[in-house]
Amino acid sequence: MPQVQLSAGPIDYQDTGGAGPVLVLAHGLPMNERQWRKVTPLLNGYRCILPTLPLGGHRHPMNPGADLSQRGVALLLGELLDRLDLNAVTLILNDWGGGQFLISEGKSDRIARLVLVACEAFDNFPPGPAKQLAVLARMPGGIWLLMQLLRIKRVRRNRTLYGGMSLRGIPDDILDDWFAPATRDRAIRRDFAKFATSAPNRDTLLAWSERMRHFDRPVLVVWARQDTFMPQEHGRRLAELFPQGRLVEIDDSATLVPEDQPEQLAQVLVRFLMETGAKPAARTD
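Here the structure is a predicted model, which is why all the values come from computation and not from measurement.

Rules behind the numbers
- Residues numbered from 1 in each chain as written.
- Predicted model: local features only at pLDDT ≥ 70, side-chain atom pairs only at ≥ 80, totals over all residues.
- Heavy atoms only, no water.
- Core = buried A, V, L, I, M, F, W, Y, C linked by side-chain atoms within 4.5 Å.
- Buried < 20%, exposed > 50% of the residue type's maximum accessible area, 1.4 Å probe, protein only.
- Contact = heavy atoms within 4.5 Å.
- Helix = DSSP H or I, 4+ residues; strand = E, 2+ residues; numbered from the N terminus.
- Expected span 1.5 Å × (residues − 1).
- Arc of directions from axis to C-beta.
- Salt bridge = Lys/Arg side-chain N within 4 Å of Asp/Glu carboxyl O.
- Axes fitted to C-alpha atoms, helices over the stretch in contact; angles between N-to-C directions.
- Parallel < 35°, antiparallel > 145°, perpendicular 65-115°, else oblique.
- Nonpolar A, V, L, I, M, F, W, Y, C, P; charged D, E, K, R; others polar.
- Pairing = 2+ DSSP bridges.

Things to note about the nonpolar core
Formed by 66 residues in total, the largest nonpolar core has its most connected members in V24, Y162, F192, L238 and F242. Not counting the four nearest positions on each side in its chain, Y162 is found in contact with L29, P30, M31, L150, R156, I170, L175 and F179.

Here we look at helix 11 (residues 262–275)
Along its 14 residues, helix 11 runs 20 Å from first to last C-alpha, staying within 8% of the 20 Å computed at 1.5 Å per residue. Within helix 11 the residues assigned to the buried category are P262, L265, A266, V268, L269, F272 and L273. Buried residues in helix 11, looked at end-on, bunch into an arc of 165°, giving them a common side. Facing away from the buried surface of helix 11 by more than 90 degrees, the exposed residues are Q267 and E275. Contacts from the buried residues of helix 11 go to strand 3 (22–26), strand 5 (89–95), strand 6 (111–119), strand 7 (219–224), strand 8 (245–250) and helix 10 (257–260). One or two residues past the end of helix 11 sits G277, with phi positive at roughly 95°.

Considerations on the pattern of salt bridges
With the rule as written, the count across this model stands at 24 salt bridges. R59 is paired through a salt bridge with E33; the nearest N and O atoms lie 2.9 Å apart. Separated by 26 residues along the polypeptide, R59 in the loop between strand 4 (47–51) and helix 1 (70–83) and E33 in the loop between strand 3 and strand 4 bring together distant segments of the chain. Residue classification places R59 among the partly exposed positions, given a relative accessible area of 25%.

Observations concerning the packing of helix 6 (residues 172–184) against helix 7 (residues 186–196)
Where helix 6 contacts helix 7, the axes come no closer than 5 Å and their chain directions differ by 110°. Between helix 6 and helix 7, the crossing angle belongs to the class labelled roughly perpendicular. Along the contact surface, helix 6 presents P181, A182, T183 and R184, while helix 7 presents R186, I188, R189 and F192. In the contact of helix 6 with helix 7, the residues fall into four nonpolar, one polar and three charged.

Notes on the sheet that holds strand 6
Here eight strands make up an open sheet; going across it, the order is 1-2-4-3-5-6-7-8 and the pairing mixed. The open sheet has two free edges, formed respectively by strand 1 (3–6) and strand 8, since each of these has just one partner strand. Neighbour to neighbour, the strand axes of the sheet diverge by 20° on average, direction disregarded. Two elements, strand 7 and strand 8, share six bridges in a ladder whose sense is parallel. Of the residues in strand 8, the one forming a bridge with L220 is R246. Across the sheet, helix 1 touches strand 1, strand 2 (9–15), strand 3, strand 4, strand 5 and strand 6, and the angle it forms with strand 1 is around 115°.

In structure tokens, the structure reads:
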């Protein structure tokens, strides 16, 4: 897998290649690029870049002094766009919503479109059930304990944890892959704890959200009707926040829409991309 050295440390990324418009797809915590494994094969004619960000599922530790706060990881994502020289990017977020802070920080020059798929927004950082994780992460050895508990299927499938993120159920081999780095590596657990305890207070989050009203490029908000982690009203509020926002609601899905409804999500994405001037490259085979 390709890797790019950024100021915080090495970042792995998957690149499907090709001459089509660039889509950058970000993942949740602690996950990796495989969150999008069902969707990217359906995006023919687009170049998909899938970074594995330091949210706890990353395979290589970051530098000890790296800023792994919500804002810090968002800026790291912007640094990746710069280093890879990606332009007219469609940034697509699911679960983790911190990539929005590239806009509130005025670092969105390379972003032509934004797609927010059932993700953290407004003051919902972290989502309600995940607040337990943040409390645990503040305790000495808390992340180690969490990773041990997540080895137990009954725990990982609990509706307040990963069992509540997908109506279909996330396969155990995928969860094992997501959890492996923090299970085996103390430095990864350090990074995980730094990020998990980094959410700003409510007033700061809402102030950052207000700054995004000035983002005048196309925004697609895709919300899952059966999501218990991301409030239903947040989808509507996000679509109204952006001058060019539009909302699509998807049935029979929880937070991880790429897991529950990949075909429908891909159709919605391609329709939005084509309507906003990002047509897929012609196939050469």
